[in-house]
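Residue-level structural notes
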Amino acid sequence: MARTISSMLRQIPISTRHNSGTYIRKLTVQPKEQEFNGEGIQPIGNIDLAESIKEHLTDITREVTEIIGRKTKSEQTVFSDFASFDFSAVLLLRFFHWLRLHSNFLPDPISCNVLFQSLLEAKALIAAKTFLEVSSFTPEQDALERYICCLCEASLIEDALEVFAKFKDVGLCPSIRTWNSALLGCLNVGRTDLVWKLYNDMMDLGVVANINVETVEYLIRAFCSDGEFLKGYELLRQVLESGFVPSNIVFNALISGFCKLRKYYRVSELLHIMIAKNCAPDIDTYQEIIKGLWKNKRPGEALRIFNDLKDRGYAPNVVMYNTMICGLCQTDRLNHAWKLWHEMISKGVLPNQYTYSELINGLCKSGSFKVAMKLFDEMRGRGFEKTTASYNRMISNLCSLGKVNEAFDLFEEMLQKGIARDAWSYNYLIRGFCKEGKIEESKKLLNELLANGLQPTKLSYIPLINKLCQAGAIKEAKQLWNDMENQGLKPTVHHYDQFIIALCEQDHVMDGMEWLVAMFKNKLRPKDTTLHSVLLRLLESDMLDESLFILDFMLGEGYSLNKDIWYSLVSKLCKGDFVLSETFLDKILERN
């Protein structure tokens, strides 16, 4: 081999070294001078008697522990129906607490080890942690390492790091298997910062000399999670030069990353490396490539690779079919999506809820409402979970097609079938009713949303505010806008623009000016069309001073003026005596 993995890893760029985690305290209990009476053990001066009693209780404890920890064949058969529940661990723990509370006596290390191991077998990690905290027991290294692995499997990463600190306290170093378990646990919970902390600890303790290819795989995956795909790629090249070949998971992670970056020459390199190293690309590898092509709007290549895979004997799974059907629906290739739908069913690949949802969405988008509704009923009939999200999506699609009454029927069905309705269930219908001009229905839904204690969004208010403006109910629209802001919902520039234009269209230009000034105060930049709308309305109302104020702002902020505005402005200046205004206009033009 050209280089060892340890020498290679020392070149990994790690910018920050983290301090060690919180240390688990050493739990030690000093022996007491005790005597036994009917009420328990009390301190006395006769040490020999106390020691004799302690030895006697120790023997009892050890014997009970061994009996409870031992299962006969008949007990194993009985407990087989409760595979996830270890009754012996429960009995042992209860006996331990009884003994501690009634005699203030701690079992010997052998009994403690049996109890601790039983708790780990039962995956009773909280109980195991509590046991360590209340006892003076320090498990052997093998037990502690097993404890770390169990904690990592359960995603209790912070607790696992505390146990690592315990190793530091006693001057021990975990095996590479345990380090790898911790690295994987950190990856699974998305904590790459802890991956690099553990790697720094490995460097400090000299563990890097013993690492294996599994360790390097986790480091490459950490680079990919951080978006550092080139660093991960360089580390892969170093691993390959050392004679090691990582698993497909590593290659797939890098391929996915380079697809996101649109670096397809790197993807091609990785595929050739996999084939050269007898690490054949699997269906997941090609899934990442096809998904990247759809995201980068390269449907032709996605279809070509998908068809080529089938010709070469690969069997696409439901995930790949979903990716293809979703991409085809989003690019208005509904006929091709239908073809794939029937193909997957004919090959025994059953569509899941995501497949149904994507195809239903595509059908609604194309206006095929009846077919979409039939598919939605089929999905419900096949026993897929009826979720808020699936109903919301259908309600949204129906409203966008102007099928508000049908959408409302589904909304009512959610209540009848006990499916929770969230703010978006209401939002889609509020917007749908507003498009139909049904203001009262929209107001009723908004009030119901608030009465049910749901947190509204800006889209709960904006469609209704705009519709009220169009209907001339300016006062009510302004009140609703204030209510929205009182809910802590800050309008965007787009919302301000919509509102101001609607006010101007209803000849409430001064109200529009008020909201325009509010935008200036909030350092929001209106669209050109918004300012043009306000300025034209001001000129039409012979409000020249206000018009010049807006003109000054527009020219100062780099806005351009269309011919209609200049023509209207000149026309107003030519009518009557506007000496002061002309002087002000001269100053504006001179400044800008």
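Look up a bit, the structure's there.
Below or above, wherever it landed, is the structure these notes cover.

Rules used in this analysis
Residues numbered from 1 in each chain as written. Predicted model: local features only at pLDDT ≥ 70, side-chain atom pairs only at ≥ 80, totals over all residues. Heavy atoms only, no water. Helix = DSSP H or I, 4+ residues; strand = E, 2+ residues; numbered from the N terminus. Buried < 20%, exposed > 50% of the residue type's maximum accessible area, 1.4 Å probe, protein only. Contact = heavy atoms within 4.5 Å. Salt bridge = Lys/Arg side-chain N within 4 Å of Asp/Glu carboxyl O. Expected span 1.5 Å × (residues − 1). Arc of directions from axis to C-beta. Axes fitted to C-alpha atoms, helices over the stretch in contact; angles between N-to-C directions. Parallel < 35°, antiparallel > 145°, perpendicular 65-115°, else oblique.

Mapped onto the elements of the fold, His-532 is located in helix α29 (residues 528-540). What makes His-532 buried here is its relative accessible area of 12%. If sequence neighbours within four positions are ignored, His-532 has contacts with Met-554, Ser-560, Leu-561, Asn-562 and Ile-565.

This model, assessed by the stated rule, comprises 20 salt bridges. As a salt-bridge pair, Arg-537 and Glu-540 come within 3.6 Å of each other at their nearest N and O atoms. Taken together, the positions of Arg-537 and Glu-540, both in helix α29 and three residues apart, correspond to about one turn of that helix. One connected set of salt bridges, linked through shared partners, spans Glu-158, Arg-191 and Asp-193.

Take helix α20 (residues 369-381) next. Here α20 contains 13 residues, and its C-alpha end-to-end distance of 18 Å stays within 8% of the 18 Å for a straight helix at 1.5 Å per residue. Restricting attention to buried positions, one finds in α20 the residues Phe-369, Ala-372, Met-373, Leu-375, Phe-376, Met-379 and Arg-380. Along α20, the residues classed as buried sweep out an arc of 160° about the axis, all on the same side. Away from the buried face of α20 by more than 90 degrees, exposed residues Lys-370, Lys-374 and Gly-381 are located. Buried-residue contacts for α20 involve α18 (334-346), α19 (353-365), α21 (388-400) and α22 (404-416). Count one or two residues on from α20 and you reach Gly-383, which has phi positive near 90°.

With that settled, consider the environment of Gly-185. By secondary structure assignment, the location of Gly-185 is in helix α9 (residues 176-188). Each C-alpha atom, one on Gly-185 and one on Ile-157, is 6.6 Å from the other, the two residues being 28 residues apart in sequence. Excluding its chain neighbours within four sequence positions, the residues that come into contact with Gly-185 are Cys-152 and Ile-157.

So, about the packing of α20 against α22. One can describe the packing of α20 onto α22 by two numbers: an axis separation of 13 Å at closest approach and a directional angle of 10°. As summarised for this structure, α20 and α22 are arranged roughly parallel, according to the angle between their axes. Contact residues: α20 offers Phe-369, Met-373, Phe-376 and Arg-380, while α22 offers Glu-406, Leu-410 and Glu-413.

Just geometry here; none of it tells us what the structure is for.
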